[in-house]
Amino acid sequence: MQNPSQPTKPSSIALWKWAAIIILVYVFIAGWFVPLKPGIIEASPDRTIAGDQLILAVKGYNSHFMKDPDQIRAWMRLKGDTVIKALHVEVVDDRHLRASFYIPSVFPIKQDAYPLTLILDHPTDGSSVLPNAVFVTPAAVEDPAEMGLWTRDKIDHIHKLEGFRYPFRNILAETIRNTYFHVPMWFTMIILFGISAWYSLKYYRQGLIIDDNISTAFVKVGLVFGMLGLVTGMLWAKNTWNAYWSWDVKQNMSAIALLIYSALMVLRSSIEDDMQKARLSAGYNMFAFVLLIPLLFIIPRMTDSLHPGNGGNPAMGGEDLDNTMRMVFYPAVIGWVLLGIWISQLVYRVDILKRNQ
Amino acid sequence: MGRIWNLVSTEARIELRERFALAGILLYVLSSSFIVFSIWRQLPAREWGLTFWVIFLFSSLMAVLKTFGRESEGRYFYYYTLYHPLELFAAKVLYNAVLLIFIFFSLWFVLFVMAGNHMVRGWWFLVTGLIASVGLSILLTLISSIAIKTQQNASMTAILALPLMIPILINLLRLTSYSLGTTPDQNPWNEVTLLASIVSLVTAMSLWLFPYLWRS
């Protein structure tokens, strides 16, 4: 932080600010305009009886079925290598095809219902998967001779789609791009609150009023980022969980975190004396930051939750964050954090100017 | 320890001299239970637990509100020369904890009489109540020492304390549903560990920050 009494040239923007601008421009362009890989939106019917013919109407996304329609292959997978290959695939248009299967009347495992995963392979589109596409009810009469059908075919010579494209995930679909906006908001909020707590600690040690001003600026901007995180999360939840607010533990805890920090701002506005204000808010700020850790990182992990990373759901990484997405996601985190620090610096300078007026 | 005890007993004597203070808390508990009960008419086990903690939360806020408001500024200046801030803090926490335990038992009794007994594991509820009283007493004492320095003491205590109480409250609710038998969960130790670690976190932060916040 520079001393505001020294006039700074407006043209001298530090290197890290240029970096923030360039990274965020890249994130917005790549995040909005890179297309998704082809995928399967839905397949109908979604349930059938074993030991019967199944004609599956498949709806593709970003797909090019009309190109090489003879080379499209389809499988129904029970588990691992236990698959049934489509007898016939008939292409309707680029987005629609019909695949006919014969579902054997006997299954290698015993269950009340068998979820089958649909797998498509196309020379240019690559392979696409629809998990639990069809639920199969066991047949009344089982023919043990049909057991061999499960191991007759194998999924082999799968095509891979080359190029810079985001993965298609069911339910998520296009909203997968929100990863570059929703997740970095929380990273930024936590980091800004952390910096703020650090300056509160500095105030606690040295008692310089300037540290209190810096700390407050970071809390203000951190609150804005937290609210943006909540809003982007709610929009995402509307599209995937079908409600803006479903009282999920992660939603609740982050809302409470924002309440705690809003209370800090109320506390500040209710004290007249500057030194008193600085001391009390430094104390409360450090207290709040320490309590934020169980609130945001421990309690949600111990509760059932819809949110990734909680209640047994996989966190980031794994299948949802592939290498293409990493190339945008990591810069996005850095870019948003730098932007947050930059805005906080400006807020702090404006506060100082207002006070000196 | 003897010095802390002195402070606690002074506190208790002041409190007992003003009879309305303790009776006021009791009345608060009674009337809120009446309101809740006349709305619900009957309390099944799950609602019993929720009602209990809602009333407990607000009663404890009210009871702790006057922690630092009772004595005059001059008295505190005098205390400041006599006692270490931590001694004062320990005394206030002890006294508040006793108050909260008092609220806990009287509320339990009132709801027991009104809505019947739903406890499956009464001992666990007792343990929950004791941890809750100690933990919330520490948190509320620290917060009211901050709030007393502002213009609107009462509302400020609520604004600052309520969101901070939620991590503790969530675990209290889980332990309560375990003691009421309304959860299939058979292992409460996760919650106890989490609750204990949150309370110790609050304690460590309070012990560190109170001397600093108090100095003015």
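None of these values were measured; they are calculated from a predicted model. (Residues numbered from 1 in each chain as written. Chains lettered and ligands numbered in written order. Predicted model: local features only at pLDDT ≥ 70, side-chain atom pairs only at ≥ 80, totals over all residues. Heavy atoms only, no water.)

Here the focus is the confidence of the model for chain A. Of the residues in chain A, 93% reach a pLDDT of 70 or more, and the chain-wide mean stands at 86. In the model of chain A, helix α2 (residues 149-152) of chain A stands out as the element of lowest mean pLDDT, 82, in contrast to helix α3 (residues 179-206) of chain A, which has the highest, 94. (pLDDT = per-residue confidence, 0-100. Helix = DSSP H or I, 4+ residues; strand = E, 2+ residues; numbered from the N terminus.)

What follows concerns the domain arrangement of chain A. In terms of domains, chain A is made up of domain 1 (15-34 + 172-356) and domain 2 (39-152). Centre-to-centre separation of domain 1 of chain A and domain 2 of chain A, based on C-alpha positions: 44 Å. (Domains from an automatic or database assignment.)

All right, on to the packing of helix α6 (residues 274-298) of chain A against helix α8 (residues 189-214) of chain B then. The contact between α6(A) and α8(B) brings their axes to 10 Å, and the two run at 170°. On the basis of their axis angle, the class for α6(A) and α8(B) is roughly antiparallel. Note on element contacts: α8(B) touches α6(A) through B:L194, B:I198, B:L201, B:V202, B:M205, B:S206, B:W208, B:L209, B:Y212 and B:L213, opposite A:R279, A:L280, A:A282, A:G283, A:M286, A:F287, A:V290, A:L291, A:P294 and A:I298. Residues of the contact of α6(A) with α8(B), tallied by class, amount to 17 nonpolar, 2 polar and 1 charged. (Axes fitted to C-alpha atoms, helices over the stretch in contact; angles between N-to-C directions. Parallel < 35°, antiparallel > 145°, perpendicular 65-115°, else oblique. Contact = heavy atoms within 4.5 Å. Nonpolar A, V, L, I, M, F, W, Y, C, P; charged D, E, K, R; others polar.)

So, on to the UniProt feature "domain: Cytochrome c assembly protein" (unreviewed entry) in chain A. Under the feature "domain: Cytochrome c assembly protein" (unreviewed entry), the UniProt entry names residues 177-298 of chain A. In this annotation, residues 177-298 of chain A is assigned 87% helix and 0% strand; the end-to-end C-alpha distance for the span is 27 Å. (UniProt positions renumbered as here; feature names shortened; annotations may be inferred.)

With that settled, consider the packing of aromatic side chains. Counted under the stated rule, the structure contains 35 aromatic pairs over all chains. Aromatic side chains A:F28 and A:W336 sit 5.9 Å apart centroid to centroid with 65° between the ring planes, which places their arrangement in the edge-to-face category. Of this pair, A:F28 sits in helix α1 (residues 15-33) while A:W336 sits in helix α7 (residues 323-356), and the two are 308 residues apart along the sequence. With a centroid separation of 5.0 Å and 75° between ring planes, the pair formed by B:F52 and B:F125 is classed as edge-to-face. With B:F52 in helix α3 (residues 45-64) and B:F125 in helix α6 (residues 122-147), this residue pair connects regions lying 73 residues apart in the sequence. There is no split in this pair, since B:F52 and B:F125 are both buried. Members of the aromatic cluster, each reached through a chain of ring pairs, are B:W48, B:F52, B:W53, B:F56, B:F104, B:F105, B:W108 and B:F125. The lysine or arginine in question, A:K238, covers the ring of A:Y244, its NZ or CZ lying 5.3 Å from the ring centre. (Phe/Tyr/Trp six-rings, centres within 6.5 Å; stacked < 30°, edge-to-face > 60°. Buried < 20%, exposed > 50% of the residue type's maximum accessible area, 1.4 Å probe, protein only. Lys NZ or Arg CZ within 6 Å of the ring centre and 35° of its normal.)

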